[in-house]
Amino acid sequence: MGTNFTVEELKAAVKKCHSSMSEEDLKKIIEEVDIQGTGIIHYHEFIAAIFPVEKYATKERLQSLFSHFDT
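Residues numbered from 1 in each chain as written. Predicted model: local features only at pLDDT ≥ 70, side-chain atom pairs only at ≥ 80, totals over all residues. Heavy atoms only, no water.

Caption draft 1: The arrangement of the overall build of the protein chain in detail. When its secondary structure is counted, the protein chain shows five helices and two strands. In sequence order, the protein chain lays out its α and β elements as β-α-α-β-α-α-α. Computed over C-alpha atoms, the radius of gyration of the protein chain comes to 16 Å, more than 25% over the 11 Å expected from 2.2 N^0.38 for 71 residues, which places it beyond the range of a compact globule. With respect to the principal axes defined by its C-alpha atoms, the protein chain has extents near 45 × 20 × 20 Å. For the protein chain, the exposed area adds up to about 5,900 Å²; of that, 59% sits on carbon and sulfur atoms. Looking at charge distribution, the protein chain has the averaged site of its 8 positive side-chain charges lying 6 Å from that of its 12 negative ones. (Helix = DSSP H or I, 4+ residues; strand = E, 2+ residues; numbered from the N terminus. Rg over C-alpha atoms; globule rule 2.2 N^0.38 Å. Areas by Shrake-Rupley, 256 points an atom, 1.4 Å probe, with all protein chains shown as cover. Lys, Arg positive; Asp, Glu negative; His and termini not counted. Charge placed at Lys NZ, Arg CZ, Asp CG, Glu CD.)

Caption draft 2: Seen up close, the environment of E9. By secondary structure assignment, the location of E9 is in helix α1 (residues 7-16). Of the residues examined, E9 reaches a relative accessible area of 25% and is grouped as partly exposed. In the structure, E9 is positioned 32 residues away from I41 in sequence and 9.7 Å away in space, judged by C-alpha atoms. (Buried < 20%, exposed > 50% of the residue type's maximum accessible area, 1.4 Å probe, protein only.)

Caption draft 3: Expanded view of the nonpolar core. With six residues, the main nonpolar core is built from F5, V14, L26, I30, V33 and I41. No other element matches the three residues that helix α2 (residues 23-33) contributes to this core. I41 has contacts with T3, N4, F5, I30, V33, D34 and F46, leaving out every residue within four places of it along the chain. (Core = buried A, V, L, I, M, F, W, Y, C linked by side-chain atoms within 4.5 Å. Contact = heavy atoms within 4.5 Å.)

Caption draft 4: Main features of the environment of E23. For E23, the location among the structural elements is in helix α2. The class for E23 is partly exposed, based on a relative accessible area of 40%. Sequence separation between E23 and D34 is 11 residues, and the spatial gap between their C-alpha atoms is 16 Å.

Caption draft 5: Quick look at a nonpolar patch on the surface. Residues F46, I50, F51 and Y56 make up a contiguous nonpolar surface patch of roughly 350 Å² in combined accessible area. Looking at where F46 falls in the secondary structure, it is placed in helix α3 (residues 43-50). (Patch = residues over 30% accessible without salt bridge, like charges linked within 9 Å, V, L, I, M, F, W, Y side chains within 5 Å. Salt bridge = Lys/Arg side-chain N within 4 Å of Asp/Glu carboxyl O.)

Caption draft 6: Region of interest: the side chain of H42. Here H42 is to be found in the loop between β2 (40-41) and α3. The exposure class of H42 is buried, given its relative accessible area of 16%. A distance of 3.2 Å separates polar atoms of two side chains, one belonging to H42 and the other to N4. Within the structure, H42 has its side chain in polar contact with the side chain of T38 (distance 3.4 Å). Apart from the residues lying within four places of it in its own chain, the contact partners of H42 are T3, N4 and Q36. (Polar contact = N/O pair within 3.5 Å; in protein donor to acceptor, adjacent residues only side chain to side chain.)

Taken by themselves, the reported measurements are silent on function.
What follows is the structure, encoded as structure tokens:
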């Protein structure tokens, strides 16, 4: 696996973890995570899916990022 995951690679990873996730649940996850609709979970889509925005995107962090990039 590289920095992108195909649907088949994600299915294999779930099976490897001995998850009892249904095919339907897996399809729902892929639909929610695959923002671009390519059938590939890109690294930035994966990161966005696993990190809750409300925990990491605090007002202070967003202001700091904005100040850094707004020259």
